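# Residue-level structure breakdown
Each chain, written out:
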Amino acid sequence: MASKWHQLQSKACQASQFVGKHGTAYYKQLLEQNKQHIQEPPTVEKCNLLAKQLFYTRLASIPGRTETFWKELDYAKNLWKNRKELKVEDAGIAALFGLECFAWFCAGEIVGRGFTFTGYYV
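So, here's what we can say about the structure. Here, residues in each chain are numbered from 1, in the same order as that chain's written sequence. With the structure being a predicted model, the display of local features is reserved for residues of pLDDT at least 70 and the display and counting of side-chain atom pairs for 80 or more, all residues being used for whole-chain, interface and lining totals. Computation of side-chain values covers all heavy atoms of the structure but excludes hydrogens and water.

### A word on unusual backbone geometry
Our working rule: Starting at the N terminus, helices and strands are each numbered in turn, a helix being any DSSP run of H or I of at least four residues and a strand any DSSP run of E of at least two.
In this model, glutamate 40 is joined to proline 41 through a cis peptide bond whose omega is -10°. You can see proline 41 is positioned in the loop between α1 (2-33) and α2 (44-60). Even without being a glycine, phenylalanine 115 presents a positive backbone phi close to 65°. Tracing the chain through its elements places phenylalanine 115 in the segment after α4 (88-112).

Shown next, in the form of C-alpha cells:
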C-alpha cells in the first residue's frame, strides 16, 4: 500500500511540474486560438453586459421553444392514438430513450448523494 501511495505521490509531483512548466504556454496558445471570441476590453462591466445579453437572448427564445414543445407533444399524442400501427423499431427507440433518461436520473441521484450508492450521509 505504501509503494502505491509513493507512486501516486511521485506521479502527482510530475504532473504538477509539467503544468507549472507548460501551463502558461498552453494558456497563451488557447487564448490566441480563440481570440475572435474575446471581448475587448475584458472588464467586469463587459462581463455584466454579456451576461445580460445572454439572459435576454434566452428569454427571447422562449416562444420558439414552447412552440417546439407543443409540436413534440402533438407528435407524441398522435403516436399514442395510432399505437396499433407502431413499428417495433420505433417502440425500441422509445424504450431505449426511457432507459437512458432513467440512467441519467440515477447518475444524478448518486452524484447528489456524494457518490454513494447506499444513501445520504447523515
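Following the structure, the description resumes.
### Description of the pattern of salt bridges
The condition is simple: Definition used for salt bridges: Asp or Glu carboxyl oxygen within 4 Å of a side-chain nitrogen of Lys or Arg. Classification of residues uses two cut-offs on accessible area relative to the type maximum, computed with a 1.4 Å probe and protein chains only: under 20% is buried, over 50% is exposed, and between them is partly exposed.
The final tally for this structure, using the stated rule, is two salt bridges. When the shortest N-O distance is used, the salt bridge between glutamate 32 and lysine 35 registers 2.9 Å. Here lysine 71 and glutamate 67 are joined by a salt bridge, their closest N and O atoms 3.5 Å apart. Of this pair, lysine 71 and glutamate 67 both sit in helix α3 (residues 62-81), four residues apart, roughly one helical turn. Given the relative accessible area of 54%, lysine 71 is considered exposed. By relative accessible area, which is 46% here, glutamate 67 ends up partly exposed.

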